[in-house]
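Descriptive structure summary
The primary structure of each chain is shown beneath.
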Amino acid sequence: MRIAICPGSFDPVTYGHLDIIRRASQMFDRVVVVVMTNASKAPLFSKEERLELLRRATLGLSNVEVDSYGGLLAEYARTRGATVIVKGLRAMSDFEYEFQMALTNRKLYPGAETVFLTTTAEHMYLSSSLVKQVAELGGDIDGFVPDCIKEDILRKVERMGS
Ligand code: PNS
């Protein structure tokens, strides 16, 4: 069984992430979406909140599960027996950092290949930071995240602002 890991901060999950997760779910037997810590970002949503939003947004994908892990991605991939790490690539600006991580992860755990899926053109510009920014400034996030998590994001942003 081919197990792929889709790691990220998912703060919050967007249509961009969901597009990659859905496509990965068609390529592999099982996809584990794992909420992790990005040392260079301070998340707005707690780990539990990010997990819950992801759970809801991926409900329709039967071979996808969600999990969280506070340690190294390489370690997680090893313990789950995953042979693939799936990442979405938006533009050249993502590339250098992703390349560095892919090489580090291979060094730490040669048992998994990092596979990059190119984002669809329509999601090229989308990011979690953009979603938070638009929500904070009272904009419409309809086209960025699924309806089932939209209200939770707006409520959270509202609470943080008051
Ligand atoms: O969605 P992001 O913030 O781009 O995801 C980055 C993430 C969380 C996948 C990356 O920071 C990560 O792998 N963190 C886990 C800790 C780890 O393994 N660090 C070394 C990476 S080479």
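For the structure given in this document, a descriptive report is provided here.

The rules behind the values
- As a convention, each chain's residues are numbered from 1 in the sequence order in which they are written.
- Per-residue local features are limited, in this predicted model, to residues with pLDDT of at least 70; the limit for side-chain atom pairs, both in listing and counting, is 80 or more; totals at the level of whole chains, interfaces and linings are taken over all residues.
- Each side-chain value is derived from all of the structure's non-hydrogen atoms; neither hydrogens nor water enter the calculation.
- Patch criteria: residues need more than 30% relative accessible area and no salt bridge. Like-charged residues are merged within 9 Å; nonpolar side chains of Val, Leu, Ile, Met, Phe, Trp and Tyr are merged within 5 Å.
- Here the accessible surface of atoms and residues is derived via Shrake-Rupley with a 1.4 Å probe, and residues count as covered only by protein chains that are part of the display.
- When a carboxyl oxygen of Asp or Glu lies within 4 Å of a side-chain nitrogen of Lys or Arg, that pair is called a salt bridge.
- Starting at the N terminus, helices and strands are each numbered in turn, a helix being any DSSP run of H or I of at least four residues and a strand any DSSP run of E of at least two.
- A pair of strands counts as paired when DSSP detects no fewer than two bridges linking them.
- Throughout, an axis means a line fitted to C-alpha atoms (over the contacting stretch in the case of helices), and angles, computed between N-to-C directions, take values from 0 to 180 degrees.
- Throughout, a contact is declared for two residues whenever any of their heavy atoms are within 4.5 Å.

1. Thoughts on a nonpolar patch on the surface
Together, M92, F95, F99 and L103 make up an exposed nonpolar region whose accessible area comes to about 420 Å². Structurally, F95 can be placed in helix α4 (residues 92-108).

2. Quick word on the sheet that holds strand β4 (residues 84-89)
With respect to topology, five strands assemble into an open sheet ordered β3-β2-β1-β4-β5, the strand pairing being parallel. Since the sheet does not close on itself, it has two edges, and those belong to β3 (64-68) and β5 (113-118), each with one partner. Across the sheet, the axes of successive neighbouring strands diverge by a mean angle of 30°, strand direction being ignored. Where strand β1 (residues 3-8) and strand β2 (residues 30-35) come together, six bridges link them in parallel fashion. Bridge pairing in β2 places I3 opposite R30. Where helix α1 (residues 15-27) meets the sheet, its contacts fall on β1, β2, β3, β4 and β5, and the angle it forms with β5 comes to roughly 125°. In the packing of α4 onto the sheet, the strands contacted are β4 and β5, and the crossing angle to β4 comes to about 175°.

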